[in-house]
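Structural features, examined
So you can see what is in the structure, the chains are spelled out below.
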Amino acid sequence: MQSFLEVADGKRALTEGEKSWVADVREMAYNVEDIIDEFMYRMRREQSGGRLTRLFYKTIHFPKNLWVRHRIATKLQKIKRMIKDIPERSQRYGVDHIEGTSTCHDDQKRWVQNHGESSLFVKDEDLVGIEDDRQLLVRWLTDGEPQRAVISVVGMGGSGKTTLVAKAYKCETVERHFNCCAWITVSQTYDIEDLLRSMIKEFYLATKEKEAVPIDLSTMRYKQLLEILVNYLRPKRYVVVLDDVWSGDLWRDLNVSLPDERNGSRVMLTTRNGDIGSSSFGVKSHVHHLQPLGKKEAWGLFCMKAFSSSSPNRSCPQELKIIALELVEKCKGLPLAIVALGGLMSSKSLESEWSRVCNSLNWHLSNNTELDRMKTILLLSFNDLSYRLKRCFLYCCLFPEDFLIRRKRLIRLWMAEGFVEKIKGITPEEVAEDCLMQLVCRNMLQVVERNPAGRPKSCKMHDLMRELALSTSETEKFCAVYDGQEEASEESTARRLSVQTSD
Ligand SMILES: Nc1ncnc2c1ncn2[C@@H]1O[C@H](COP(=O)(O)OP(=O)(O)OP(=O)(O)O)[C@@H](O)[C@H]1O
Ligand SMILES: [Mg+2]
């Protein structure tokens, strides 16, 4: 069952029938887990203590144990019947194997890519708090160091990586400094030959002379493409941007195609994964971790988006100020969220409408296109996790908003839940710590405190990430959280329950 669930989890775009089949199997797996848990608990009690104690315990509790075993056996029989029923039911409704594709829908994929590329064209006047970071990148690009260097910009989804890199890439100093340049959007799934083709086209077209792109590019294979690219780049000082990198293998694939002739060429990449950003690539590298927008900048950006039509100087009307500040606070400095929320509020002018949104801003429940799009973008990070990491991540939403989660405690809890894989020669604590580090590197958990050796001591979840985790947890019945804001549903059959009160 576990393997089935893992396979189904890797597939996106399941039909409704398939989804309900997966939900049935998940429910069943939970039930089986419960029975095993109960059985183990009883067995351990019988086996604990010395020989005499065990004998005494067994004799005294014999009738009760008999009854318990009978109860467990009945439950098992019932489960066996239900397990037999599942495939029958699936066949009856015409779903007998999971067909979903392993990635998201094609149109969704295209939309995500378009969205990423649109960040290349954000106007200067629409940007806030970018100047210092931009100057730093420009300095790294043009510092005159002859060896080819890699510059990585790392940050969570929607933190403004593409926007920042685009601003540095398109500035005049950089354009003048390099002989040729190319911007490549990589994304989660890529084909190396297609990347090489795009790169050749970009390099050829971006030159001032607009050289003619070799016509038979589409029929060329890897070796020929490589040859063209290397021959083209060798005498030149080039800059190439690899936007939205998800896999560390990319560099291995592309390294040979980007020659280092010690003429000051640069490769710039953006990624959500700090591991990729900080791998040294065997060359000189700089890493820039993007920070959330400060309060002032976040406010400025929100006002710009929310009040552009209603007030000429884009300022917030006095009566809306308190609510607006509260809304901005919820975005925790994430530009993507601020822009989405600002866009949503720009169509609302009444104070009552604003308070309604603010009070019901349960991101995961809202049915709004702008916010849906934001969710899609943030969900990419979640979908990229392995089955185990997904469970570790979802578990973190059981803690209240803004809660400081201690590393040691979290690791123990994950172990107790059975999320941690057994690996020979490594202690479960080390495996769990590795899971934590992976979530941190992928910017899905944020480190708040570190010990003197630089190891995370406590971390927390970004509000929006937590909302997404909550929404997935609810559909998968992984857990439910009651914080007094919503009516507790009596039918909820979630596996874990977190009850949070403020007093
Ligand atoms: N400094 C900024 N000022 C104003 N708007 C910004 C800023 N940074 C980003 N944005 C806006 O936030 C949105 C997301 O930005 P961007 O696409 O650059 O994020 P990203 O980190 O590249 O996301 P992803 O990880 O999905 O690639 C865009 O709509 C962009 O216009
Ligand atoms: Mg991007």
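The rules behind the values
Residues numbered from 1 in each chain as written. Chains lettered and ligands numbered in written order. Predicted model: local features only at pLDDT ≥ 70, side-chain atom pairs only at ≥ 80, totals over all residues. Heavy atoms only, no water. UniProt positions renumbered as here; feature names shortened; annotations may be inferred. Helix = DSSP H or I, 4+ residues; strand = E, 2+ residues; numbered from the N terminus. Buried < 20%, exposed > 50% of the residue type's maximum accessible area, 1.4 Å probe, protein only. Contact = heavy atoms within 4.5 Å. Areas by Shrake-Rupley, 256 points an atom, 1.4 Å probe, with all protein chains shown as cover. Salt bridge = Lys/Arg side-chain N within 4 Å of Asp/Glu carboxyl O. Near = heavy atom within 4 Å. Polar contact = N/O pair within 3.5 Å; in protein donor to acceptor, adjacent residues only side chain to side chain. Nonpolar A, V, L, I, M, F, W, Y, C, P; charged D, E, K, R; others polar. Pairing = 2+ DSSP bridges. Axes fitted to C-alpha atoms, helices over the stretch in contact; angles between N-to-C directions. Core = buried A, V, L, I, M, F, W, Y, C linked by side-chain atoms within 4.5 Å. Domains from an automatic or database assignment. 1 Å grid on protein atoms, 1.4 Å probe; cavity = no way out; pocket = protein on both sides within 12 Å on 5 of 7 lines; lining within 4 Å. Points joined across faces, edges and corners; volume = space filled by probe spheres on them. Expected span 1.5 Å × (residues − 1).

An unreviewed UniProt entry lists the protein under the name Putative disease resistance protein RPM1, with Davidia involucrata as the source organism. In UniProt, the protein has this text filed under Sequence similarities (unreviewed entry): "Belongs to the disease resistance NB-LRR family."

**Observations concerning the overall build of the protein**
Within the protein, the secondary structure is distributed over 21 helices and ten strands. Counting every position in the protein, which comprises 503 residues, the buried fraction comes to 45%. Look at the contacts in the protein between residues 6 or more apart in sequence, and 73% of them connect residues 24 or more apart. Split by element, the accessible area of the protein, about 27,300 Å² in all, is 51% carbon and sulfur.

**Re the pattern of salt bridges**
Per the stated rule, a full pass over the model turns up 20 salt bridges. Measuring nitrogen to oxygen at the nearest pair gives 3.1 Å for the salt bridge that ties D124 to K167. Taken together, the residues span a long stretch of sequence, with D124 in the loop between helix 5 (106-118) and helix 6 (131-141) and K167 in helix 7 (residues 161-169) at a distance of 43 residues. Its relative accessible area of 53% is what places D124 among the exposed residues.

**Side note on the site of ligand 1**
As a matter of local geometry, ligand 1 sits amid 20 residues, with S119, V128, K161, T162 and T163 nearest to it. At a separation of 3.1 Å, an oxygen atom of ligand 1 approaches a polar backbone atom of S159. Contact with the protein chains removes 91% of the 630 Å² of surface that ligand 1 exposes when unbound. Taken together, the elements giving at least two residues each to the shell around ligand 1 come down to helix 7 and helix 15 (335-345). For the shell around ligand 1, a count of residues per class yields ten nonpolar, seven polar and three charged.

**Quick word on the sheet that holds strand 1 (residues 149-154)**
Strand order in the open sheet made by the five strands is 2-3-4-1-5, with parallel pairing throughout. Looking at strand neighbours, the two that pair on one side only are strand 2 (180-185) and strand 5 (284-289), the edges of this open sheet. Averaged over all neighbouring strand pairs, the angle between strand axes comes to 15°, with direction disregarded. As judged from the six bridges shared by strand 2 and strand 3 (residues 238-245), these two strands associate in the parallel manner. Bridge pairing in strand 3 links I184 to L242. Its contacts with the sheet put helix 6 on strand 1, strand 3, strand 4 (266-271) and strand 5, and the angle it makes with strand 5 is roughly 175°. The strands touched by helix 9 (residues 192-206) within the sheet are strand 2 and strand 3, with strand 2 carrying the most contacts at an inclination of about 145°.

**Details of the nonpolar core**
Of all hydrophobic cores here, the largest spans 67 residues; its most connected members are F302, W354, F393, W414 and L439. Taken domain by domain, this core gets at least three of its residues from each of domain 3 (298-376) and domain 4 (385-499). Not counting residues up to four positions away in its chain, the partners in contact with W354 are F302, A306, F307, L320, I323, A324, L327, M345, K348 and S349. The next biggest cluster of nonpolar side chains, apart from the first, holds 33 residues, and it includes C180, M199, F203 and L217.

**Structural notes on empty space enclosed by the protein**
For the structure shown, the criterion picks out eight cavities of 30 Å³ or more. In this model, the largest cavity occupies a volume close to 80 Å³. Taken together, D244, V245, W246, T271, R272, N273, S381, D384, R442 and M444 make up the full set of residues lining the largest cavity. Of the residues assigned to the lining of the largest cavity, the class counts are three nonpolar, three polar and four charged.

**So, the side chain of S498**
Mapped onto the elements, S498 comes out in strand 10 (residues 497-499). With a relative accessible area of 9%, S498 lands in the buried category. When residues no more than four places from it in sequence are discounted, the contact partners of S498 are L398, A480, V481 and Y482.

**What to know about the pairing of strand 4**
The two faces of a sheet get side chains in turn, since along a regular strand they alternate between them. For strand 4, the buried fraction is high: six of the six residues fall into the buried class. Here strand 4 shows no split at all, with R266, M268 and T270 on one side and V267, L269 and T271 on the other all buried. Here six bridges tie strand 1 to strand 4, and the two strands are oriented parallel to one another. Paired with A149 across the bridge in strand 4 is R266.

**Let's talk about helix 13 (residues 295-306)**
In this model helix 13 runs 16 Å from its N-terminal to its C-terminal C-alpha over twelve residues, within 8% of the 16 Å that 1.5 Å per residue would give. Along its buried surface, helix 13 packs onto helix 14 (321-331), helix 15 and helix 16 (351-359).

**Here's the deal with the side chain of S159**
Checked against the element boundaries, S159 lands in the loop between strand 1 and helix 7. Of note is the side chain of S159, whose polar atom sits 2.7 Å from the backbone oxygen of M156. Contacts of S159, omitting those with residues within four sequence positions, involve L290, L334 and P335.

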